[in-house]
Amino acid sequence: MKKIFTLTLVASALMASSAWAADPLVIKFSHVVAPDTPKGKGADRFKQLAEEYTNGNVVVEVYPNSQLYKDKEELEALQLGAVQMLAPSLAKFGPLGVREFEVFDLPFIFENKDDLRKVTNGQVGKDLLAKLEPKGIKGLAYWDNGFKVMSANSPLHTPDDFLGLKMRIQSSKVLEAQMQALDAVPQVMAFSEVYQGLQTGVVDGTENPPSNMYTQKMHEVQKHATTSNHGYLGYAVIVNKKFWEGLDEETRTQLERAMEEATEYANEIAQQENDESMAAMKASGKTTFYDLTDEERQEWIKQLRPVHQQMASRIGQETIDAVYKAVE
Ligand code: LMR
């Protein structure tokens, strides 16, 4: 009898200790930019908060700089469950079959961040994230980066200056049409390959917010840039839907809280990160930055605005109209 009792005790002690030492749940969060960017810092903040709010029951492993996967691969990896969380740029959902996201790429569709927020914080933003669900993806939040500058090794003051330039773009048909409208030659290239592409002359120029341009050292291989702010680059934070819905309620609530706060933080710092990167690039003297005159800006708008109409059948006129309405 005593022996059985002892055995039971040992067994329950073992069970208790294995429960105590249960492996934490791991969330792999893969992204393609440097840690020192709005998205990089947002991911790190989410890690910190998620681990704190779940009392260490969840561990978030952040893999920056395309360390794990490049642009296209990371979306496949998420769908397969090889990673659980990503924050791809809104320009990268087209190849997944969710073309409506390319509305964010339309040139000159947002005057400023306030316009953008009206879309991402409103019904349009919600509806767009819902379109990811049939793909096995759940959208959790929108994270900011900022408005893009155009860069090349020759000055880019008017649309004519783009003639024949090979311009690297993200995998968006709208960005392709935008470059074509400027008589440039668009070339899709993974973000991790852009620096080398510019350095070796595979492409002549590109577009990105200052924080990406600076942290990837693109300013070292681009002589000229124009602060055209012609288009916006931001992110959707996404998770594997099955994984997310399989979490117990308590953990999911804790993670939602962490995401909400990380989102606030990421969106708060984005502008400053971009301003600091711009200042650092100007101070380096490697790239000459040019601000458009009002007249030149009007020329850009005139040349690029027709892209909205041209892309209506791809994005869906309804989605474009919903965005127009949200920002009017
Ligand atoms: C790019 O490919 O230029 C950007 O989407 C990279 C990023 O994630 O900011």
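For the structure, check the block above.
Nothing here was measured: the structure is a model prediction, and the numbers come from that model.

A.B. asks: Help me understand the overall build of the protein chain in this model?
C.D. replies: In terms of helices and strands, the protein chain carries 14 helices and 11 strands. Dimensions of the protein chain along its principal axes, counting C-alpha atoms only, are 95 × 45 × 30 Å. In the protein chain, once contacts between residues fewer than 6 apart in sequence are set aside, the share between residues at least 24 apart is 76%. Of the roughly 15,300 Å² of accessible surface on the protein chain, 50% is carried by carbon and sulfur atoms. Across the protein chain, the mean location of the 35 positive side-chain charges is 6 Å away from that of the 47 negative side-chain charges.

A.B. asks: It is not clear to me how the nonpolar core should be interpreted in this structure. Could you clarify?
C.D. replies: Buried together is how nonpolar side chains tend to be arranged in soluble globular proteins. Grouped together as the largest cluster of nonpolar side chains are 53 residues, with contacts concentrated most on F93, F101, F104 and F110. Ranked by residues supplied to this core, first place goes to helix α6 (residues 173-181) with five residues. Discounting residues that sit within four places of it in the chain, F93 has contacts with L75, P88, V98, F101, L132, A236 and I238. Formed by 41 residues, the second largest nonpolar core is a distinct cluster that contains V60, F191, L233 and L247.

A.B. asks: Hey, could you run me through the sheet that holds strand β8 (residues 206-208) in this one?
C.D. replies: Backbone hydrogen bonds hold the strands of a sheet together, and the pairing may be parallel or antiparallel. Strand order in the open sheet made by the four strands is β8-β5-β9-β11, with mixed pairing throughout. Looking along the sheet, the strands with just one partner apiece sit at the ends: β8 and β11 (288-290). Looking at each pair of strands side by side, their axes are set apart by 25 degrees on average, direction ignored. Pairing of strand β5 (residues 149-152) with strand β9 (residues 224-226) involves three bridges; the strand directions are antiparallel. Within β9, the residue paired with A152 across the bridge is H224.

A.B. asks: In this structure, what is going on with the site of the ligand? I would like to understand it.
C.D. replies: All residues in the neighbourhood of the ligand are listed as V32, V33, K39, S89, K92, R168, Q170, F191, N208, N212, L233 and Y235. Y235 has a polar side-chain atom sitting 2.5 Å from an oxygen atom of the ligand. Here the ligand, which alone exposes 270 Å², has 100% of that area covered by the protein. In this structure the site holding the ligand corresponds to the largest cavity. A per-class count over the shell around the ligand returns five nonpolar, four polar and three charged.

A.B. asks: Quick question: what am I supposed to make of the packing of helix α4 (residues 113-120) against helix α14 (residues 317-327) here?
C.D. replies: How two helices sit against one another is set out by the angle between their axes and by the gap between those axes. Packing of α4 against α14 brings their axes to within 8 Å, and their N-to-C directions diverge by 125 degrees. Taken together, the axes of α4 and α14 lie oblique to each other. In this structure, α4 crosses over α14, and the sense of that crossing is right-handed. Along its contact with α4, which presents D115, K118 and V119, the element α14 presents V323, A326 and V327. Looking at the contact of α4 with α14, its residues break down into four nonpolar, no polar and two charged.

A.B. asks: Is there a simple way to think about empty space enclosed by the protein in this case?
C.D. replies: Over the atoms, a rolling probe the size of a water molecule traces out where space has been left empty. One pass over the structure, following the stated rule, counts three cavities of 30 Å³ or more. For the largest cavity, the calculated volume is near 70 Å³. In this structure, the largest cavity is lined by V32, V33, K39, S89, K92, R168, Q170, F191, N208, N212, L233 and Y235. When its residues are assigned to classes, the lining of the largest cavity shows five nonpolar, four polar and three charged.

A.B. asks: I tried to follow the pattern of salt bridges on my own but got confused; where do I start?
C.D. replies: Pairs may arise between side chains of opposite charge once their charged atoms sit close together. Following the criterion strictly, the structure yields 17 salt bridges and no others. Ionic pairing is found between K70 and E193, a salt bridge with its closest N-O pair at 2.5 Å. Placement of the pair is K70 in the loop between β2 (58-63) and α3 (71-80) and E193 in the loop between β7 (185-188) and α7 (194-200), with a sequence separation of 123 residues. K131 is paired through a salt bridge with E100; the nearest N and O atoms lie 4.0 Å apart. Here K131, found in the loop between α5 (123-130) and β4 (137-147), pairs with E100, found in the loop between β3 (85-86) and α4; they are 31 residues apart in sequence, far enough to count as distant. What you see here is one network of salt bridges that share partners, running through E133, K138, K241 and E245.

A.B. asks: When you look at the environment of S171 in this model, what are you seeing that I'm missing?
C.D. replies: Along the polypeptide, S171 turns up in the loop between β6 (166-169) and α6. Linking S171 and D321, residues 150 residues apart in sequence, is a C-alpha distance of 23 Å. Non-local contacts of S171, meaning those with residues more than four positions away in its chain, are made with A91, K92, P95, E102 and V188.

A.B. asks: Would you take a moment to explain the side chain of E296 for this structure?
C.D. replies: As for its placement among the helices and strands, E296 is situated in helix α11 (residues 294-304). Although E296 is buried, it forms no salt bridge, and the closest oppositely charged side chain is R297 at an N-O distance of 10 Å. Setting aside its immediate chain neighbours within four residues, E296 contacts H157, T158, Y290 and D291.

A.B. asks: I would appreciate a short explanation of α11 in the present structure.
C.D. replies: Residues spaced three or four apart along an α-helix face the same direction, because each turn holds 3.6 residues. Every buried residue of α11 is accounted for by E296, W300 and L304. All buried residues of α11 lie within an arc of 65 degrees about the axis, which places them on one face of the element. Structural note: α11 exposes D294, E295 and K302 on the side pointing more than 90 degrees away from its buried face. Buried residues along α11 sit in contact with β5, α6, β9, β11 and α12 (306-310).

What counts and how
Residue positions are given per chain, counting from 1 as you read along its sequence in written order. Only residues with pLDDT of at least 70 get local features here, since the model is predicted, and only at 80 or more are side-chain atom pairs given and counted; chain-wide, interface and lining totals rely on the full set of residues. Side-chain numbers come from the whole structure's heavy atoms, not from hydrogens or water. Secondary structure elements are taken from DSSP: a helix is a run of H or I of four residues or more, a strand is a run of E of two residues or more, and numbering for both begins at the N terminus. We call two residues in contact when some of their heavy atoms are within 4.5 Å. Only the protein chains shown count as cover for residues, with accessible areas throughout obtained via the Shrake-Rupley method and a probe of 1.4 Å. The convention is simple: Lys and Arg are positive, Asp and Glu are negative, and His and the chain ends are not counted. In plain terms, the charge of a residue is placed at NZ if it is Lys, CZ if Arg, CG if Asp and CD if Glu. Nine residue types can take part in a nonpolar core, namely buried Ala, Val, Leu, Ile, Met, Phe, Trp, Tyr and Cys, and a core is a set of them joined through side-chain atoms within 4.5 Å. A 1.4 Å probe rolled over the protein chains alone gives each residue an accessible area, and that area as a share of the maximum for its type sets the label: buried under 20%, exposed over 50%, partly exposed in between. In this description, strands pair whenever DSSP reports at least two bridges between them. Axis definition: a line fit to C-alpha positions, over the contact stretch in the case of helices; interaxial angles, taken between N-to-C directions, run 0 to 180 degrees. Whether a residue is near a molecule or strand depends on its heavy atoms: if one lies within 4 Å, it is near. Whenever two N or O atoms come within 3.5 Å, that pair is a polar contact, provided that in protein one can donate a hydrogen and the other can accept it, and provided that, for residues adjacent in sequence, both atoms are side-chain atoms. A cavity here means a set of points on a 1 Å grid, drawn over the protein atoms and nothing else, where a 1.4 Å probe fits but cannot get out; a pocket is an open set with protein on both sides within 12 Å along at least five of seven lines, and a residue lines either one if it has an atom within 4 Å of a point. Put plainly, a molecule is in a cavity or pocket when over half of its atoms are within 2 Å of the grid points there. Just so you know the grouping, Ala, Val, Leu, Ile, Met, Phe, Trp, Tyr, Cys and Pro go in nonpolar, Asp, Glu, Lys and Arg go in charged, and all remaining residues, Gly too, go in polar. Angles are sorted into four bins: roughly parallel if under 35 degrees, roughly antiparallel if over 145, roughly perpendicular if 65 to 115, and oblique for all others. What makes a crossing left-handed is the near helix being turned counterclockwise from the far one by less than a right angle; a clockwise turn instead makes it right-handed. Grid points are joined across faces, edges and corners, and a volume is the space filled by probe spheres set on the points. Whenever a carboxyl oxygen of Asp or Glu lies within 4 Å of a side-chain nitrogen of Lys or Arg, that contact is scored as a salt bridge. It is the directions from the helix axis to the C-beta atoms whose arc is reported.

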